[in-house]
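# Summary of the model geometry
What follows is each chain in one-letter form.
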Amino acid sequence: MDRVYNFSAGPSVLPLSALERARDEMLDFGGCGMSVMEMSHRSKAFQEIFDSARDKLRRALKVPDSYEILFLQGGATLQFAAIPMNLMRGGKADYAVTGNFSGKAAKEAEKYGAVHIACDTSETGHDRIPSQGELELSPEADYFYYCANNTVYGTEWQYIPKTAAPLVCDMSSDILSRPVDVARYGLIYAGAQKNMAPAGLTVVILDRALAGHELPITPQVMSYETMIGAGSMLNTPPCWCIYILGLVLDWLEEQGGVEGMEQIKKARAAKVYDFLDNSGFYRPHALPGSRSDMNVTFRTPSPELDAAFVKEAAERGLVNLKGHKAAGGLRASLYNAMPMEGVDALIDFMKKFEVEHHV
Ligand SMILES: *Cc1c(COP(=O)(O)O)cnc(C)c1O
């Protein structure tokens, strides 16, 4: 078997042990005589898989009892609409635009109410996270929206904003990579395909008190109140993804939980940034103090060399290092399941590439 080091931003690398268990249980899950893919979502066997994944997630993130955990579909992108539809009771919200996805979320929310841009870092290519003092907060906002980790540009909030309005946070690309004080948030959500499970599942964690005030036009499957009442199973949930999430959470627990993940992620990212900062060849994109531990964005001296880098790296089993089209350049995504050997192999290759191409 020839597994590569996969630096994809999403869908992305999953823990090998989870994939192996899925393989072993593929044809016959726990003596049921069928695959999880073939089960009724109303069966007792599947309900146990569902409950166990949800309980493990609650434990891993220490989610308070007053918060609901929903397993939904439609990706993070559907939440760009679901959030204003459910939470914009007074018709106004603050949005921090620090990257691609928060910009898209703000644009989508404009359909449902007044969006106030609390900050916008597009002028400098989204290379930093604004300080608390730079955030323009409106007193009547129903919520404050931000994206904890900007997958495309490689910046990550190093603090939790202080706001009177409830915090709504897109954690798609850094959930489960560090402890989170869930009680500080009104709602946290994440598309699973970055750091949790295969594509197709969106996790929403919300303060129960915020549900039940959606706009009348809200589709049933987008209503938090309806989905809470239905235990996330108003319709067929993404069964297979929920099952894999459970396996990934077993692995996560063995690795020391989110505390263990945070230590490893800091070590992984520090190695790459140290190397970049000491190189005259590569240029990191994000500014110190704003840098993401999950997605490291950088460039060589030219777009032609960037392309050669991606190609030559792939020949050595280091794949998916091309930057997002909105940002260009290169990007190494270092999610939970990326082993340190992958980081070491990447740095070795970067050194070699620099020697061969330095002018
Ligand atoms: C990938 C990503 C999204 C979009 O996710 P989809 O599931 O494709 O809709 C949104 N926000 C962040 C931070 C992401 O990384």
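Not measured: the values here are computed from a predicted model.

## A word on the overall build of the protein chain
Each helix and strand counted, the protein chain has 9 helices and 14 strands in total. Taking 21 Å as the expected radius of gyration for a compact globule of 359 residues, we find that the protein chain reaches 21 Å, a close match to that expectation. Structurally, the protein chain occupies a C-alpha span of about 65 × 55 × 30 Å along its principal axes. When burial is assessed residue by residue, the protein chain has 54% of its 359 residues classed as buried. Here the protein chain has roughly 15200 Å² of accessible surface; of this, 53% comes from carbon and sulfur atoms. Positive and negative charge centroids in the protein chain, built from 35 and 45 side chains respectively, lie 1 Å apart.

## Describing the domain arrangement of the protein chain
Structurally, the protein chain comprises domain 1 (17-253) and domain 2 (257-357). If you look at the interface, domain 1 gives 29 residues, while domain 2 gives 25 residues. Interface area for domain 1 against domain 2, summed over the two sides, is near 2200 Å², with a carbon-plus-sulfur share of 52%. Scanning the region where domain 1 abuts domain 2 turns up 2 salt bridges. Across the pair E259 and K62 runs a salt bridge, and its minimum N-O distance is 3.5 Å. Counting the contacts that link domain 1 with domain 2 gives 17 residue pairs in polar contact (both at pLDDT 80 or more). Within the residue set of the side of domain 1 that touches domain 2, elements represented by two or more residues are β6 (149-150), β7 (155-156) and α6 (239-254). For the side of domain 1 that touches domain 2, a count of residues per class yields 9 nonpolar, 12 polar and 8 charged.

## What to know about the packing of helix α3 (residues 75-87) against helix α4 (residues 100-109)
Look at α3 against α4: their axes get within 8 Å of each other, and the N-to-C directions meet at 45°. Comparing the axis directions of α3 and α4 gives the class oblique. The interaxial crossing formed by α3 with α4 has right-handed handedness. Along its contact with α3, which presents F80, A81 and P84, the element α4 presents F101, K104, A105, E108 and A109. A per-class count over the contact of α3 with α4 returns 6 nonpolar, no polar and 2 charged.

## Description of the nonpolar core
Counting residues in hydrophobic clusters, the biggest one holds 56 residues, and the most contacted among them are F46, F71, Y146, L176, M196 and I205. Per-element accounting of this core gives the leading share, 11 residues, to α6.

## Thoughts on the sheet that holds strand β5 (residues 144-147)
Strand pairs in the sheet, formed through backbone hydrogen bonds, run parallel or antiparallel to each other. Pairing is mixed across the open sheet formed by 7 strands, whose spatial order is β2-β10-β9-β8-β5-β3-β4. At either margin of the open sheet sits one strand with a lone partner, and together these are β2 (67-72) and β4 (114-120). With strand direction ignored, the average angle separating the axes of adjacent strands in the sheet is 20°. Where strand β3 (residues 92-97) and β4 come together, 6 bridges link them in parallel fashion. Of the residues in β4, the one forming a bridge with A96 is C119. Set on the sheet, α3 makes contact with β2, β3, β5, β8 (167-170), β9 (187-191) and β10 (202-207); between it and β9 the angle comes to about 160°.

## Re the packing of aromatic side chains
We describe a pair of aromatic rings using the distance from one ring centre to the other and the angle between the two ring planes. If you walk through the whole model with that rule in mind, you get 20 aromatic pairs. Relative to F309, the ring of Y282 has its centre 6.0 Å away and its plane inclined at 80°; by these criteria the two rings are edge-to-face. Highlighted residues: Y282 in the loop between α7 (257-277) and β11 (283-284) and F309 in helix α8 (residues 303-315), separated in sequence by 27 residues. The exposure class of Y282 is buried, given its relative accessible area of 1%. Members of the aromatic cluster, joined through ring pairs, are F275, F281, Y282, F298, F309, F349 and F353.

The rules behind each value
Counting restarts for each chain, with residues numbered from 1 along the sequence as it is written. Note on the predicted model: pLDDT of at least 70 is required for a residue's local features to be given, and 80 or more for side-chain atom pairs to be given and counted; whole-chain, interface and lining totals, by contrast, use all residues. Values shown for side chains rest on all heavy atoms present in the structure; no hydrogens or waters enter the calculation. Each helix corresponds to a stretch of at least 4 residues labelled H or I by DSSP, and each strand to a stretch of at least 2 residues labelled E; elements are numbered beginning at the N terminus. C-alpha atoms define the radius of gyration in this analysis, and the globule rule sets the expected value at 2.2 Å times the number of residues to the power 0.38. Burial classes follow relative accessibility: with a 1.4 Å probe on protein chains only, a residue under 20% of its type's maximum area counts as buried, one over 50% as exposed, and anything between as partly exposed. With residues, only the protein chains shown are counted as cover, and all accessible areas are computed by Shrake-Rupley using a 1.4 Å probe. Note that His is not counted, nor are the chain ends; the positive residues are Lys and Arg, and the negative ones are Asp and Glu. Positions of charges follow a simple convention, taking NZ of Lys, CZ of Arg, CG of Asp or CD of Glu. By convention here, the domain bounds are inherited from an automatic or database domain assignment. We call two residues contacting when some pair of their heavy atoms lies within 4.5 Å. Note on terms: buried area is the combined drop in 1.4 Å-probe accessible area of two parts once they are placed together, counting the loss on both. Here, a salt bridge means any Lys or Arg side-chain nitrogen found within 4 Å of an Asp or Glu carboxyl oxygen. Polar contact is the term for a pair of N or O atoms within 3.5 Å; when the atoms are in protein, one must be able to donate a hydrogen and the other to accept it, and sequence-neighboring residues count only if both atoms are side-chain atoms. Put simply, Ala, Val, Leu, Ile, Met, Phe, Trp, Tyr, Cys and Pro go in the nonpolar bin, Asp, Glu, Lys and Arg in the charged bin, and everything else, Gly too, in the polar bin. Orientation is described by axes fitted as lines to C-alpha atoms, over the contacting stretch for helices, and by angles from 0 to 180 degrees between their N-to-C directions. Angle categories: roughly parallel below 35 degrees, roughly antiparallel above 145, roughly perpendicular from 65 to 115, and oblique for all the rest. Note on convention: near helix rotated counterclockwise from far helix by under a right angle means a left-handed crossing. Clockwise means right-handed. As used in this record, nonpolar core signifies buried Ala, Val, Leu, Ile, Met, Phe, Trp, Tyr and Cys residues forming a set joined through side-chain atoms within 4.5 Å. Strand pairing is assigned whenever DSSP identifies at least 2 bridges connecting the two strands. Pairing of aromatic side chains here covers Phe, Tyr and the six-membered ring of Trp, requires ring centres within 6.5 Å, and sorts the geometry by plane angle: under 30 degrees stacked, over 60 edge-to-face, intermediate tilted.

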